[in-house]
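Close look at the chain arrangement
Listed below, chain by chain, are the residues.
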Amino acid sequence: MSKKEPEENLSLEEAFEQIEDMIERLEEEEITLEDSFRAYQEGMKLLKYCDEKIDRVEKQVLKINEDGELDEF
């Protein structure tokens, strides 16, 4: 993934997998400062994307109220 924003159709699982890959790259001893900063930035974008996607899903979840009716979160 380059400096672009995460694709909107990227699943959470795919985004988490990319984040794990970036963590592995950051743990390598041979990584340059520039590459580590770039990976950090990309990882933060992915984390923000995941947070927003989870937030959208949470808002769509329905719960049953006291009257037995469904309400949106």
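Preceding this paragraph is the structure being described.
In short, a report on the structure. The model shown is predicted, which means the values in this text are computed figures rather than measured ones.

**Thoughts on the pattern of salt bridges**
- The tally for this structure, following the rule as stated, stands at two salt bridges.
- Between R38 and D35 there is a salt bridge, with its nearest N and O atoms 2.7 Å apart. Taken together, the residues span about one helical turn, with R38 and D35 both in helix α2 (residues 33-60) at a distance of three residues.
- You can call R38 partly exposed: its relative accessible area is 33%.
- The residue E52 makes a salt bridge to K48 at a minimum N-O spacing of 4.0 Å. Remark: K48 and E52 occur in helix α2; sequence separation between them is four residues, near one turn of the helix.
- Residue classification places K48 among the exposed positions, given a relative accessible area of 53%.

**Considering a nonpolar patch on the surface**
- Where nonpolar side chains cluster on the molecular surface, the patch consists of L26, F37, Y40, M44 and L47 and spans about 480 Å² of accessible area.
- Among the elements that take part in the nonpolar patch, α2 stands out by supplying four residues, more than any other.
- With respect to the helices and strands, the residue Y40 is situated in helix α2.

**Brief notes about α2**
- Here α2 spans 41 Å end to end across 28 residues, near enough to the 40 Å set by a 1.5 Å rise per residue.
- Within α2, burial applies to S36, A39, E42, G43, L46, Y49 and C50.
- In this structure, the buried side of α2 is in contact with α1 (12-27).

Conventions and cut-offs
- Each chain has its residues counted from 1, running along the sequence as written.
- A pLDDT threshold of at least 70 governs which residues receive local features in this predicted model, and a stricter bar of 80 or more applies before side-chain atom pairs are shown or counted, although totals over entire chains, interfaces and linings include all residues.
- Hydrogens and water are ignored here; the side-chain numbers use all heavy atoms of the structure.
- Think of a salt bridge as a Lys or Arg side-chain nitrogen and an Asp or Glu carboxyl oxygen that are within 4 Å of each other.
- Under the scheme used here, helices are H or I runs from DSSP no shorter than 4 residues and strands are E runs no shorter than 2 residues, and both carry numbers assigned from the N terminus.
- Here the term buried applies to any residue with accessible area under 20% of the maximum for its type, exposed to any over 50%, and partly exposed to those in between, with areas from a 1.4 Å probe on protein chains only.
- For patch building, the residue pool is restricted to those with more than 30% relative accessible area and no salt bridge; the joining distance is 9 Å between like charges and 5 Å between nonpolar side chains (Val, Leu, Ile, Met, Phe, Trp, Tyr).
- Per-residue and other accessible areas follow the Shrake-Rupley method at a 1.4 Å probe size, with only the shown protein chains counted as cover for residues.
- Multiplying 1.5 Å by the residue count of a helix minus one yields the expected span of that helix.
- Whether two residues are in contact is decided by their heavy atoms: any pair within 4.5 Å suffices.

These results come straight from atomic positions and should not be treated as a statement about function.
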